[in-house]
Amino acid sequence: MRYIVNKEERITMGHRRGSNNYIKKLFVFILGIVAYILISTTNDAASHLLILTSYSGIIILLSKLHFSHPYFWFTAFFYLYNCAYTIILMIAPDDVIARGYNPFASKLILVALIAFLIPVSSSEIQYTGYNEARNLKYQKDLTIFYSILKVSLLILVLSTIILQLQGVTSKQDQWAEHNMFWIFATYCTRIITFLFAIIFFLDTNIKRNRLLLIPCFIVIAYFTLLTGERDAILRLIIILIFVYAMRGGLSAKTLLIVAPIGALVMILSNYFKYFFSTGAMNRDPLTGSTLLYEFLYSDFLDCGSNLQILISEKGLEGCKGYLMILSDVMSSVTPGSIMNILWGGIENWNASEWYNEYFFSGSTYSRAFTLVGEGYIIDGILGTFILLFLIGVGLDYLYKRSDNNPYLAALYAYSAVAIISSFRGDAGAILVAIVRIPLVVFFIMYGMKSFGIGKRLSR
């Protein structure tokens, strides 16, 4: 009888959560429409920034400051990457005035945010199923994952040593030269990051996790300081915070402590990238700059700057069309050399490469791109809406299923990291990250299981 009552209670609670979810989503949509109307009434950059800040702040508050909720992490990072340019325009206009301010950018940014939020559930997922008893059936898999992690760490160590002996230069040069050890090292950092997401959901042995995490963290940090590949260490840090939050270990108070520490790490990483290859800081401290400026300058400025450059050039709205979405999907499972043959060159299927070739042809420095900008070259505002809506649909699928499957939970966390990184990139980077890395990991895992290696390792 008690089972029936509990079941009825759960159904009732589910209906209530569903009703609240639709009410919140309707509120978010209507508020977004109001914000768009307000932005359309003025071309003033400060007013646009105030509207975007207010709208983003309300969305973040709706998440109850739960870091792992899409309303929190997506909105917070999306705001930082897309509004940093306008903030710097307000506090240090001389640094960006040459690129000016096109008010259409704020409309695109707002439409992109609304489009993502529409399909995403506003309900909080309760992560209550992760305990040792429930995950006993995954223990053989866990043993294999530990083995893959150790091998990946060994390959990363050897590749990093070789890169240092080779006298590594910029990461752009390494990609251009197709340096095998650079490629091995880069992919190993991403495999290790994804593996930690899985392991932290499957293994409740905190001491064992820390013993593995410390050497991995040190090696990845060294790789970052040697090569300037800041994504490597930042992905690991974010994934650890993310998983910690998903397992209920990150309160709002703790988040308020973690946030300024994370900001400081961003600032320092900008100064010390390439430190172990050059023996010097990447640049000198900026005279008279504030911590806010240093933080926004560290990784966020280029996204908004790229968007301003893009939309200020006439004739580029919708220049790539919807085939760009198809190329993004294909690139996740197709080698670049084959994509070049099929599409007639990398600039025809990679939005970031197209942008850098179009505006900065011949430059050895990559300025990345902007996810919102990719939507713009697909089909203007409509293309931006469709692209971000599709990303929202995919993420919502993982989010709503991450409470009862540790692998989907790990994939959701890793997808979040990939999406954050894509804000100054393109949608293809998201799909490459969430398809290739998990495919490699699970292919190795199931291959080892099929040969009975998991049983021998667990003895």
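Residues numbered from 1 in each chain as written. Predicted model: local features only at pLDDT ≥ 70, side-chain atom pairs only at ≥ 80, totals over all residues. Heavy atoms only, no water.

**Q** What am I meant to see in the overall build of the chain here?
**A** Helix and strand counts for the chain stand at 20 helices and 0 strands. Burial statistics for the chain: of 459 residues in total, 50% are counted as buried. Taking the contacts inside the chain whose residues are at least 6 apart along the sequence as the reference set, 77% of them involve residues at least 24 apart. Per element, the accessible surface of the chain, about 21300 Å² overall, is 65% carbon and sulfur. (Helix = DSSP H or I, 4+ residues; strand = E, 2+ residues; numbered from the N terminus. Buried < 20%, exposed > 50% of the residue type's maximum accessible area, 1.4 Å probe, protein only. Contact = heavy atoms within 4.5 Å. Areas by Shrake-Rupley, 256 points an atom, 1.4 Å probe, with all protein chains shown as cover.)

**Q** Is there a simple way to think about unusual backbone geometry in this case?
**A** Only a minority of non-glycine residues have a phi that is not negative, and only a minority of peptide bonds are not trans. Of note in this structure, Leu-65 is not a glycine but carries a positive phi near 60 degrees. With respect to the helices and strands, Leu-65 occurs in the loop between α2 (45-62) and α3 (70-91). Backbone geometry at Ala-368 places phi at a positive 60 degrees, although glycine is not the residue there. Turning to its location among the elements, Ala-368 is positioned in the loop between α16 (351-360) and α17 (371-401).

**Q** Which parts of the structure should I look at to understand the packing of aromatic side chains?
**A** For any pair of aromatic rings, the description consists of the separation of the ring centres together with the inter-plane angle of the planes. Applying the stated criterion across every chain yields a total of 30 aromatic pairs. Cation over ring: Arg-190 sits above Tyr-187, and NZ or CZ is 5.8 Å from the ring centre. Just above the ring of Phe-360 sits the side chain of Arg-367; from NZ or CZ to the centre is 3.9 Å. (Phe/Tyr/Trp six-rings, centres within 6.5 Å; stacked < 30°, edge-to-face > 60°. Lys NZ or Arg CZ within 6 Å of the ring centre and 35° of its normal.)

**Q** I keep staring at the pattern of salt bridges and nothing clicks. Help me out?
**A** As a working rule, side chains carrying opposite charge can pair if their charged atoms are close by. Counting across every chain of the model gives 5 salt bridges. Residue Asp-302 is joined to Arg-424 by a salt bridge in which the shortest nitrogen-to-oxygen separation is 3.5 Å. One end of the pair, Asp-302, is in helix α13 (residues 301-312); the other, Arg-424, is in the loop between α18 (406-422) and α19 (427-450), and 122 residues separate them in sequence. Residue Asp-302 is classed as partly exposed on the basis of its relative accessible area of 22%. Residues joined by salt bridges that share partners form a network here, namely Arg-230, Asp-299, Asp-302 and Arg-424. (Salt bridge = Lys/Arg side-chain N within 4 Å of Asp/Glu carboxyl O.)

**Q** Where do I start with α16 in this structure?
**A** An α-helix turns once every 3.6 residues. As a result, residues three or four positions apart point the same way. Every buried residue of α16 is accounted for by Ala-351, Ser-352, Trp-354, Tyr-355 and Asn-356. Each element contacted by the buried residues of α16 is listed here: α13, α14 (323-331) and α17. Looking at where α16 begins, the residue whose side-chain oxygen comes 3.1 Å from the main-chain nitrogen of Ser-352 is Asn-350. A positive backbone phi angle near 90 degrees is found at Gly-362, which sits one or two residues after α16. (Polar contact = N/O pair within 3.5 Å; in protein donor to acceptor, adjacent residues only side chain to side chain.)

**Q** Looking at this structure, how should I read the confidence of the model for the chain?
**A** Chain-level statistics for the chain give a pLDDT mean of 85 and a share of 85% at 70 or above. Ranking the elements of the chain by mean pLDDT puts helix α20 (residues 453-458) last with 59 and helix α4 (residues 104-117) first with 97. Here residues 1-13 scores under 50 on pLDDT; set against residues more than four positions off or in separate chains, the count is 2 contacts. (pLDDT = per-residue confidence, 0-100.)

**Q** Help me understand α14 in this model?
**A** When we look at burial in α14, the residues that qualify are Met-324, Ile-325, Ser-327, Asp-328 and Ser-331. Seen along its axis, α14 keeps its buried residues to an arc of 160 degrees; they face one direction. (Arc of directions from axis to C-beta.)

**Q** Sorry if this is basic, but what is going on with the nonpolar core here?
**A** Where a protein is soluble and globular, its nonpolar side chains tend to be buried together. With 135 residues, the main nonpolar core has Trp-73 and Phe-145 as its most contacted residues. Beyond its immediate chain neighbours, meaning those up to four positions away, Trp-73 contacts Phe-67, Ser-68, Phe-242, Leu-395, Tyr-412, Ala-416, Ile-419 and Ile-420. (Core = buried A, V, L, I, M, F, W, Y, C linked by side-chain atoms within 4.5 Å.)

**Q** Can you help me understand the packing of α17 against α19 in this one?
**A** For any two helices packed against each other, one specifies the inter-axial angle together with the distance between the axes. Axis separation between α17 and α19 bottoms out at 11 Å; the angle between their running directions is 40 degrees. Judged by the angle between their axes, α17 and α19 are oblique. Listed contacts from α19 to Leu-371, Glu-374, Leu-387 and Ile-391 of α17 are Ala-427, Gly-428 and Ile-430. Here the residues of the contact of α17 with α19 are counted per class, giving 5 nonpolar, 1 polar and 1 charged. (Axes fitted to C-alpha atoms, helices over the stretch in contact; angles between N-to-C directions. Parallel < 35°, antiparallel > 145°, perpendicular 65-115°, else oblique. Nonpolar A, V, L, I, M, F, W, Y, C, P; charged D, E, K, R; others polar.)

**Q** What is the right way to look at the state of the cysteines in this model?
**A** By definition, a disulfide links two cysteine residues through a covalent bond between their sulfur atoms. For the structure on display, the rule yields 0 disulfides. Distance from the sulfur of Cys-303, which forms no disulfide, to the nearest cysteine sulfur (Cys-83) is 9.3 Å. (Disulfide = S-S within 2.5 Å.)

**Q** How do you make sense of the packing of α13 against α17 when you look at a structure like this?
**A** α17 packs onto α13 with a crossing angle of 15 degrees between their chain directions and a minimal axis gap of 9 Å. On the basis of their axis angle, the class for α13 and α17 is roughly parallel. In this structure, α13 meets α17 at a crossing whose hand is left-handed. Within the contact between the two elements, α13 uses Leu-307, Leu-310 and Ile-311 and α17 uses Val-372, Gly-373, Tyr-376 and Ile-377. Its residues placed into classes, the contact of α13 with α17 shows 6 nonpolar, 1 polar and no charged. (Left-handed = near helix turned anticlockwise from the far one by under 90°.)

**Q** How should I be thinking about the side chain of Thr-75 in this particular structure?
**A** Summarising the element assignment, Thr-75 is placed in helix α3. Those residues within four positions of Thr-75 in sequence are excluded, and the remaining contacts are Ser-56, Ile-59, Ile-60, Pro-70, Leu-113 and Leu-117.

**Q** How should I be thinking about a nonpolar patch on the surface in this particular structure?
**A** The grouping of Leu-26, Phe-29, Ile-30, Ile-33, Val-34, Ile-37 and Leu-38 at the surface amounts to a nonpolar patch, some 610 Å² of accessible area in total. Here Leu-26 lies in helix α1 (residues 2-40). (Patch = residues over 30% accessible without salt bridge, like charges linked within 9 Å, V, L, I, M, F, W, Y side chains within 5 Å.)

**Q** Is there a simple way to explain the environment of Asn-209 in this structure?
**A** Looking at where Asn-209 falls in the secondary structure, it is placed in helix α8 (residues 206-227). Residues Asn-209 and Ile-199 lie 10 residues apart in sequence; the distance between their C-alpha atoms is 7.8 Å. Setting aside its immediate chain neighbours within four residues, Asn-209 contacts Tyr-146, Phe-196, Ile-199, Phe-200 and Asp-203.

**Q** What am I meant to see in the environment of Ile-114 here?
**A** Within the secondary structure, Ile-114 is located in helix α4. What makes Ile-114 buried here is its relative accessible area of 8%. As for Ile-114 and Gly-392, which are separated by 278 residues in sequence, their C-alpha atoms are 9.9 Å apart.

**Q** Looking at this model, I keep getting lost on the environment of Ser-415. Mind explaining?
**A** Examined against the element boundaries, Ser-415 turns out to sit in helix α18. On a C-alpha basis, the gap between Ser-415 and Leu-398 in space is 8.8 Å, while along the polypeptide they are 17 residues apart. The residues contacting Ser-415, other than those within four sequence positions of it, are Leu-395, Leu-398 and Ile-434.

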